Amino acid sequence: MSDDATDTRPYGGNTRAAWLATATGIPLYVLMWAIVWGPGVQLFGSLADIEPRPTVENSTLAAIAAVNILIVLVGLAVVAHTVGRVLFARTSSMALGQAAVAFAAMAAILAVVPVVFIAVGQEDTGPAVAAAIVIVLVPCVVSAGATRALLPAVDRYAALRGTVMVLLVIAIIAVVVFTFYAYAGAGQ
């Protein structure tokens, strides 16, 4: 239970849990995206037999970057407040590890949609799918599972909630900087 909440329900209810998950999930997603962007670009380059740069000169990388930006700015919050709330209610009595795996599975299923969206719009589907799996699906799965695993601690400790909020702001700034770098540097 939160140290400053008076509600007797876990996390003060599903709405509060969804907001905590959104605030926690965005920095985790951005961190995972940053980790897998370079390897995903290299994988795409090797499969497509091109020498891609970490900018979005290529339409596939532009589509992947755009999807990730949408996931960060809109998708994570929408999922946390819809499907995530339902899954949270159904997993609230499970062991934390099981609940985290359920959230990772939910993210894997949901991430198939943007992966297919990216692949359908590309000339060379195989490399696009491989890169989208690495750069979109992997961050979705890892950040969803980690978010659910961290949620009790984020709820319990005000200092950790404050840290999450600072990381959230830094993550949004990082997305803006990445967007500028990736898209502005594409023509150079």
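Just so we're clear, the structure is a prediction, and the values are computed from it rather than from any experiment. (Residues numbered from 1 in each chain as written. Predicted model: local features only at pLDDT ≥ 70, side-chain atom pairs only at ≥ 80, totals over all residues. Heavy atoms only, no water.)

*Asks:* Summarise the overall build of the chain; cite the residues concerned and give the values.
*Replies:* Along the chain, the regular secondary structure elements total six helices and zero strands. Residues counted as buried form 46% of the 188 residues belonging to the chain. For the chain, contacts bridging at least 24 residues in sequence account for 77% of all contacts bridging at least 6. Of the accessible surface of the chain, which amounts to about 9,300 Å², a share of 72% is contributed by carbon and sulfur atoms. (Helix = DSSP H or I, 4+ residues; strand = E, 2+ residues; numbered from the N terminus. Buried < 20%, exposed > 50% of the residue type's maximum accessible area, 1.4 Å probe, protein only. Contact = heavy atoms within 4.5 Å. Areas by Shrake-Rupley, 256 points an atom, 1.4 Å probe, with all protein chains shown as cover.)

*Asks:* An account of helix H5 (residues 125-156) is requested, with residue identities and associated values reported.
*Replies:* The first and last C-alpha atoms of H5 sit 45 Å apart over 32 residues, in line with the 46 Å expected at 1.5 Å per residue. When the local axis directions of H5 are compared, the greatest deviation, roughly 45°, occurs at Leu150, which is followed within four positions by the proline Pro152. (Expected span 1.5 Å × (residues − 1). Bend = angle between axes of the 7 residues up to and from the residue.)

*Asks:* I'd love a proper account of helix H2 (residues 59-81), names of residues and values included.
*Replies:* Here H2 contains 23 residues, and its C-alpha end-to-end distance of 31 Å stays within 8% of the 33 Å for a straight helix at 1.5 Å per residue. Within H2, the axis deviates most sharply at Ile71, by approximately 50°.

*Asks:* Describe the pattern of salt bridges, and please don't skip the residues or the numbers.
*Replies:* Following the criterion strictly, the structure yields one salt bridge and no others. Between Asp155 and Arg16 there is a salt bridge, with its nearest N and O atoms 2.2 Å apart. Pair noted here: Asp155 is in helix H5 and Arg16 is in helix H1 (residues 14-48), with a separation of 139 residues, a long-range link. (Salt bridge = Lys/Arg side-chain N within 4 Å of Asp/Glu carboxyl O.)

*Asks:* Describe in detail the confidence of the model for the chain, supporting the description with residues and values.
*Replies:* Detailed reading of the predicted model is not advised wherever pLDDT is low. Chain-level statistics for the chain give a pLDDT mean of 85 and a share of 87% at 70 or above. Taken as a whole, residues 1-9 scores under 50 in pLDDT and shows 17 contacts with residues more than four places along the chain or in a different chain. (pLDDT = per-residue confidence, 0-100.)

*Asks:* Provide a residue-level description of the layout of surface pockets, including the pertinent values.
*Replies:* Each pocket or cavity is described by its volume, and for the largest pocket that value is around 620 Å³. In this structure, the largest pocket is lined by 32 residues; those nearest its centre are Ile71, Gly75, Leu76, Val79 and Leu110. Of all elements in the fold, only H1, H2, helix H3 (83-91), helix H4 (96-120) and H5 reach the threshold of two or more residues within the lining of the largest pocket. Split into classes, the residues belonging to the lining of the largest pocket amount to 23 nonpolar, seven polar and two charged. (1 Å grid on protein atoms, 1.4 Å probe; cavity = no way out; pocket = protein on both sides within 12 Å on 5 of 7 lines; lining within 4 Å. Points joined across faces, edges and corners; volume = space filled by probe spheres on them. Nonpolar A, V, L, I, M, F, W, Y, C, P; charged D, E, K, R; others polar.)

*Asks:* Tell me about the packing of aromatic side chains, and name the residues and values.
*Replies:* Under the counting rule described, the total for this entry stands at two aromatic pairs. When the ring of Trp33 is compared with that of Phe178, the centres are 4.9 Å apart and the planes differ by 65°; the resulting orientation is edge-to-face. Linking Trp33 in helix H1 with Phe178 in helix H6 (residues 158-184), this pair joins segments that are 145 residues apart in sequence. A relative accessible area of 4% means that Trp33 is categorised as buried. Here Trp37 and Phe178 contribute two aromatic rings whose centre-to-centre distance is 5.2 Å and whose plane-to-plane angle is 80°, an arrangement assigned as edge-to-face. Pair noted here: Trp37 is in helix H1 and Phe178 is in helix H6, with a separation of 141 residues, a long-range link. (Phe/Tyr/Trp six-rings, centres within 6.5 Å; stacked < 30°, edge-to-face > 60°.)

*Asks:* Would you mind going over the environment of Ala174 in detail, with residue names and values included?
*Replies:* Relative to the helices and strands, Ala174 is located in helix H6. Sequence-wise, Ala174 and Pro27 are 147 residues apart; in three dimensions their C-alpha atoms are separated by 9.5 Å.

*Asks:* Can you lay out a nonpolar patch on the surface for me, pointing to particular residues and giving the numbers?
*Replies:* Among the surface-exposed residues, Leu70, Leu73, Val74 and Val78 lie close enough to one another that they form a single nonpolar patch of about 370 Å² accessible area. Relative to the helices and strands, Leu73 resides in helix H2. (Patch = residues over 30% accessible without salt bridge, like charges linked within 9 Å, V, L, I, M, F, W, Y side chains within 5 Å.)

*Asks:* A description of unusual backbone geometry should follow, citing residues and the corresponding values.
*Replies:* Despite not being glycine, Asp49 shows a phi value in the positive range, around 55°. Tracing the sequence through the fold places Asp49 in the loop between H1 and H2.

*Asks:* A description of the packing of H1 against H3 should follow, citing residues and the corresponding values.
*Replies:* It is at 10 Å that the axes of H1 and H3 come closest, and there the two elements cross at 115°. Note that H1 runs across H3; the crossing there is right-handed. Of the residues in H3, those in contact with Asn14, Thr15, Ala17 and Ala18 of H1 are Arg85, Phe88 and Ala89. Grouping the amino acids of the contact of H1 with H3 by side-chain chemistry returns four nonpolar, two polar and one charged. (Axes fitted to C-alpha atoms, helices over the stretch in contact; angles between N-to-C directions. Left-handed = near helix turned anticlockwise from the far one by under 90°.)

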